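What follows is the residue order along each chain.
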Amino acid sequence: MTEWHPENDDNDDTERLPDAASTRHRYDEGATPFGQPAQPPYREPDPAHFGGLGFHDQPTRPEPPRRTGRPGSAVIAGILAGALVVGGVAGLAGAAGFTLVDNLAGNDTTTTSAAPATSSSVVNRKDAAPDADSVEQVAAQVLPSVVKINVQNSQEQGSGSGIVISSDGEILTNNHVASVAGQGGRMTVNFNDGSAKKATIVGTDPVTDLAVIKAQGVSGLRPATIGKSAQIDVGENVVAIGSPFGLEATVTSGIVSALNRPVSVGSTDGSPSGQGSQDTTYPAIQTDAAINPGNSGGPLVDLNGDVVGINSSIRTASDSSLGSSPGGSIGLGFAIPIDNVWPVVQQLRNGQTPTHAKMGVSVNNASSNGGLLSGAGVEAVNQGSAAEQAGLKNGDVITKVDDQIITGSESLVATIRGHRPGQTVTLTVVSGGDHTRTVDVTLDSDKGSPRS
């Protein structure tokens, strides 16, 4: 699903998001209701760079003046001020400054001698067991179930992350990671114990940006525990694990910043030419846990160690349009909720064509009640669709799906994508500018069509 532009590719692997400025989505079989494509999702690992450490000495309080032939208080105050300036530059320089003060002040043999010098002690304390529900405990539990995925084709290479979902080597990751190894490419997997194996693609779904791959010749792996993303709350602590910039087995933590955040990112079918690209939109879990290029496909877990999301995309400070150049985390990371896509994962594992919910309308950004309400405006209703059977008309503005507020076309697409075919949802619809009604819609299936 990621549209590749190798000539501009910096080998980043975590997708960057397009700007939310898209004003129109086609939500039917003949159009793709999504926003701008994301940036190429791979980046080769860079060498780590570490900055220097600075120390600031605290100024010594000057002693009262004595009749010892030393300079007066004004002189000492000036010297101490100079020493403080030097100490602010670096610790060693600060010490030299204070030594200079002592020399200038004289050597009075009647003063008390300095305390004996001491050195740092070396201890060998027993490491305490991690607390339950701590990040340390979560890391110990989940790391064996997370892998680094290396992919390469004739025009690009990079790395991402994956989640072990079976003891015999099935691994869940993003489509934009695995698809690079399509069309004659190569893929290998690095496990937490240091071993590495070749891997092949089992199935991909560009619509949800998911893929299942299979590591060859393995057994006895520890599958991750799959949780319930519907049970997480804003403010809840979460942990992200993966291989940012190729640094495998990296653990970061943060909170759930928002739920059901409409996110659109580009993806591709893996062809070197980038043909067959399309966008995917999903109701994301937003988190401030550091997610960087290379985290794509790795798990977002709660403090029970259960997978609640698949890390997929970020926004960076360098993005003028949510994806113009490579960058790192600024606390805006997005994960695909596991509840929404676990049925698709099972279809991929079983070799089936994945299906997705659809309503059968074309929508754009719209407002009603004199601009006081915003939502998804219905432009067209497909004949025979679920929307037509529910009585939706051109000009209607959808403002809610069940209890979820709809702010525009992208919001509606993301929310419907969070459901499954056959489910019934209740729409809040405004027509004629101020007439509000509710309608029930039983969602259609796209029957495996790449568009919905």
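Here, residues in each chain are numbered from 1, in the same order as that chain's written sequence. Totals for whole chains, interfaces and linings use all residues, but because this is a predicted model, local features are given only for residues with pLDDT of at least 70 and pairs of side-chain atoms are given and counted only at 80 or more. Hydrogens and water molecules were not included; the side-chain quantities draw on all heavy atoms of the structure.

Engineer: Mind showing me how you'd approach the overall build of the chain here?
Structural biologist: The numbering of helices and of strands both runs from the N terminus, where a helix is a DSSP run of H or I of at least 4 residues and a strand a run of E of at least 2. Within the chain one finds seven helices and 23 strands. Between buried and exposed lies partly exposed: a residue is buried under 20% and exposed over 50% of the maximum accessible area for its type, with that area taken using a 1.4 Å probe on protein chains only. Counting all 452 residues of the chain, 47% fall into the buried class. The contact criterion used is simple: two residues touch if any of their non-hydrogen atoms lie within 4.5 Å. In the chain, the share of contacts with a sequence separation of at least 24, taken over all contacts with a separation of at least 6, comes to 69%. Note on areas: Shrake-Rupley, 1.4 Å probe, and residue coverage restricted to the protein chains presented here. By element, 49% of the accessible surface of the chain is carried by carbon and sulfur atoms, the whole surface being about 21,000 Å².

Engineer: Honestly, the pairing of strand E5 (residues 170-173) in this entry has me stumped. Any pointers?
Structural biologist: In E5, alternate side chains face the same way, and those of Glu-170 and Leu-172 on one face and Ile-171 and Thr-173 on the other are all buried. DSSP calls a pair of strands paired once it identifies at least 2 bridges connecting them. With two bridges connecting them, strand E4 (residues 157-164) and E5 associate as antiparallel partners. Its bridge partner being in E5, Ile-163 is matched across the sheet by Leu-172. The turn linking E4 back onto E5 is made up of five residues, and Gly-169 within it adopts a positive phi angle of 110°.

Engineer: I keep staring at unusual backbone geometry and nothing clicks. Help me out?
Structural biologist: A negative phi holds for most residues other than glycine; trans holds for most peptide bonds. Phi at Asp-209 takes a positive value of approximately 60°, unusual for a residue other than glycine. Within the secondary structure layout, Asp-209 lies in the loop between strand E7 (196-205) and strand E8 (210-215). Classification of Asp-209 as buried rests on a relative accessible area of 0%. At Asp-402, a position not held by glycine, the phi torsion is positive, near 55°. Tracing the backbone shows Asp-402 in the loop between strand E19 (397-401) and strand E20 (404-405).

Engineer: Explanation requested: the nonpolar core in the structure shown.
Structural biologist: Considering soluble globular proteins, one finds that nonpolar side chains tend to be buried as a cluster. By nonpolar core is meant a set of buried Ala, Val, Leu, Ile, Met, Phe, Trp, Tyr and Cys residues that side-chain atoms within 4.5 Å join together. Residues Ile-163, Leu-172, Leu-210, Tyr-282 and Ile-310 are the most contacted members of the largest nonpolar core, which totals 27 residues. Elements with a contribution of two residues or more to this core: helix H3 (135-142), E8, strand E10 (237-242), strand E11 (250-267), strand E12 (278-287), strand E14 (306-314), strand E15 (333-337) and helix H5 (338-349). Looking at which element gives the most residues to this core, the answer is H5, with five residues. What Ile-163 contacts, discounting residues up to four positions off in sequence, is Ser-145, Glu-170, Ile-171, Leu-172, Ala-224, Gly-297, Gly-298, Pro-299, Val-307 and Ile-310.

By themselves, these figures tell us nothing about what the structure is for.
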